[in-house]
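# Geometric and topological summary
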Amino acid sequence: IMLDQRRYRDDQPCGDAVPPLPPCPPGVLNDPSRTMLGADQKAWLKGRLQASDADWKLIGNQVMAMALDVPLGNPLVMDQWDGYAAERREVLQHIAARGIRDVSFLTGDIHTFFAGQVTPSGRQLLGSPPAVATEFVAGSMTSLGVPETINSITGVPLPPDLLAIVADAAALKLNNPHMAYSNVSRRGYGVVEADRDGLEVTFRSPQTTQQPQSSVSTLKRFRVERGTPTVHVL
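Just so you know, these numbers come straight off a predicted model, no measurement behind them.

Turning to helix α3 (residues 85-97), a few remarks are in order. Since the α-helix turns once every 3.6 residues, residues separated by three or four places project in the same direction. In this model, α3 (13 residues) spans 18 Å end to end at C-alpha, consistent with the 18 Å of a helix rising 1.5 Å per residue. Taken together, the buried positions of α3 are occupied by A85, A86, E87, R88, V91, L92, H94 and I95. Buried positions along α3 lie against α1 (26-29), α2 (39-51), β2 (103-107), β3 (113-118) and β4 (133-137). Residue G99 follows α3 closely and has a positive phi angle near 65 degrees.

To continue, consider the sheet that holds strand β6 (residues 189-194). Read from one edge of the open sheet, 4 strands run β6-β7-β8-β9, paired in antiparallel fashion. Here the strands that pair on one side only, and so sit at the sheet edges, are β6 and β9 (232-233). Pairing analysis gives 6 bridges linking β6 to strand β7 (residues 198-206), with the strands arranged antiparallel. Bridging from a neighbouring strand, Y189 pairs with R204 of β7.

Attention shifts here to the sheet that holds β3. Taken together, the 5 strands give an open sheet; going across it, the order is β1-β2-β4-β3-β5, and neighbouring strands pair in mixed fashion. Edge positions in the open sheet fall to β1 (57-61) and β5 (179-183), since each of these has one partner strand only. Across the sheet, the mean angle separating the axes of adjacent strands is 15 degrees when strand polarity is ignored. Pairing of β3 with β5 involves 4 bridges; the strand directions are antiparallel. Bridged to A115 within β5 is Y181.

How two aromatic rings sit relative to each other is given by the distance of their centres and the angle of their planes. Per the stated rule, a full pass over the model turns up 6 aromatic pairs. Aromatic pair F113 and F203: ring centres 4.8 Å apart, planes at 40 degrees, arrangement tilted. Taken together, the residues span a long stretch of sequence, with F113 in strand β3 and F203 in strand β7 at a distance of 90 residues. Each member of the pair, F113 together with F203, is buried. Taking the centre distance of 5.5 Å and the plane angle of 65 degrees together, the rings of Y181 and F222 count as edge-to-face. In this pair, Y181 is assigned in strand β5 and F222 in strand β8 (residues 216-225), connecting sequence segments 41 residues apart. An identical accessibility class is assigned to Y181 and F222; each is buried. Joined through ring pairs, the aromatic side chains of F113, F136, Y181, F203 and F222 make up one cluster. Above the ring of Y84, the side-chain terminus of R34 is found at 4.6 Å from the ring centroid.

This part is about the pattern of salt bridges. A complete count under the given rule lists 16 salt bridges for this structure. The closest approach of N and O atoms between E200 and R223, which form a salt bridge, is 2.9 Å. Of this pair, E200 sits in strand β7 while R223 sits in strand β8; the two residues are 23 residues apart in sequence, bridging distant segments of the chain. The salt bridge involving E225 is made with R223; its shortest N-O contact spans 2.9 Å. A relative accessible area of 34% means that E225 is categorised as partly exposed.

Further remarks concern α2. With 13 residues, α2 should reach 18 Å at 1.5 Å per residue; the first-to-last C-alpha distance of 18 Å fits that figure. All buried positions along α2 are accounted for by Q41, K42, L45 and L49. Seen from one end, α2 has its buried residues packed into an arc of 100 degrees, which puts them on one side. Those residues of α2 that are exposed and angled more than 90 degrees off the buried face are A39, D40 and A51.

Applying the stated rule across the entire model yields 1 disulfide. Residue pairing for C14: its cysteine sulfur links by disulfide to C24, the two sulfurs lying 1.9 Å apart. Since a negative S-S torsion denotes a left-handed disulfide, the C14-C24 link at about 85 degrees is right-handed. With a gap of 10 residues between them, C14 in the segment before α1 and C24 in the segment before α1 connect regions that are remote in the sequence.

About the cut-offs
- All chains use their own residue numbering, which begins from 1 and follows the written sequence.
- For a predicted model such as this one, the threshold for reporting local features is a pLDDT of at least 70, and the threshold for listing and counting side-chain atom pairs is 80 or more; totals across whole chains, interfaces and linings nevertheless cover every residue.
- Hydrogen atoms and water are omitted, and side-chain values are computed over all heavy atoms in the structure.
- The helix count covers DSSP runs of H or I at least four residues long, the strand count covers runs of E at least two residues long, and both are numbered beginning at the N terminus.
- The span expected for a helix works out to 1.5 Å for each residue beyond the first.
- Each residue gets one of three labels from its accessible area relative to the maximum for its type: buried under 20%, exposed over 50%, partly exposed in between, using a 1.4 Å probe on protein chains only.
- A contact between two residues is defined here by any heavy atoms of the two lying within 4.5 Å.
- Strands are treated as partners if at least two bridges between them are detected by DSSP.
- With axes taken as lines fitted to C-alpha atoms, and helix axes fitted only over the stretch in contact, angles between N-to-C directions fall between 0 and 180 degrees.
- Here the aromatic set is Phe, Tyr and Trp, taking the six-membered ring for Trp, and pairing holds for ring centres within 6.5 Å; pairs whose planes are under 30 degrees apart are stacked, those over 60 apart are edge-to-face, and all others are tilted.
- For a Lys NZ or an Arg CZ to count as sitting over a ring, it must be within 6 Å of the ring centre and within 35 degrees of the ring normal.
- Only one rule defines a salt bridge in this text: a Lys or Arg side-chain nitrogen within 4 Å of an Asp or Glu carboxyl oxygen.
- To obtain the arc, one takes the directions from the helix axis to the C-beta atoms.
- Note on terminology: pairs of cysteine sulfur atoms within 2.5 Å are recorded as disulfides.

Just distances and angles here, no functional claims.
Okay, here's the thing in structure tokens:
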């Protein structure tokens, strides 16, 4: 299921600042009148998910569905689903309410490797609804990563304390417990293999993107078992 998340969306909230300062108000992020997909595409997505008898429902997703908080509860990038939280909740609650299993978002855009679980809120905090899907965010072959991209947008380097949180996988997971893996320093791509029993994903990365040729190695491998929206790091 391939989505178009540029043509029909409302403008990004809070001026699309990365990070938004001050933080974007929850009332804006959760405004149900704002849309990422547009009414027709959203209805089509819901219908396709509900009608599918495929073992795996794979969604070609342009911007990350999982929350990316720095610090906890403060979304970093308004351009992704964090900036359209009400519609994210609606789509994920549809998946939960209809008992649609084995949904995985395959995502790009942010030029960074992430893998984890997707809940209706985008977060997996104490008391949050359970995950209903998984997500794999591949890197990029030539584009810069999160810190360099923010620098190019704002014209100033990411503050050292914020850079440390974004680049530190342990710190990032502390703020985003729904993430099973993150790597902001390497570029690359993902390979997805699906069968009746599980979904296996391999993140691959060249040693450098600054040369025409470079050796490629495996960063990490993952598996999702049928019927369980949990990313296992192999």
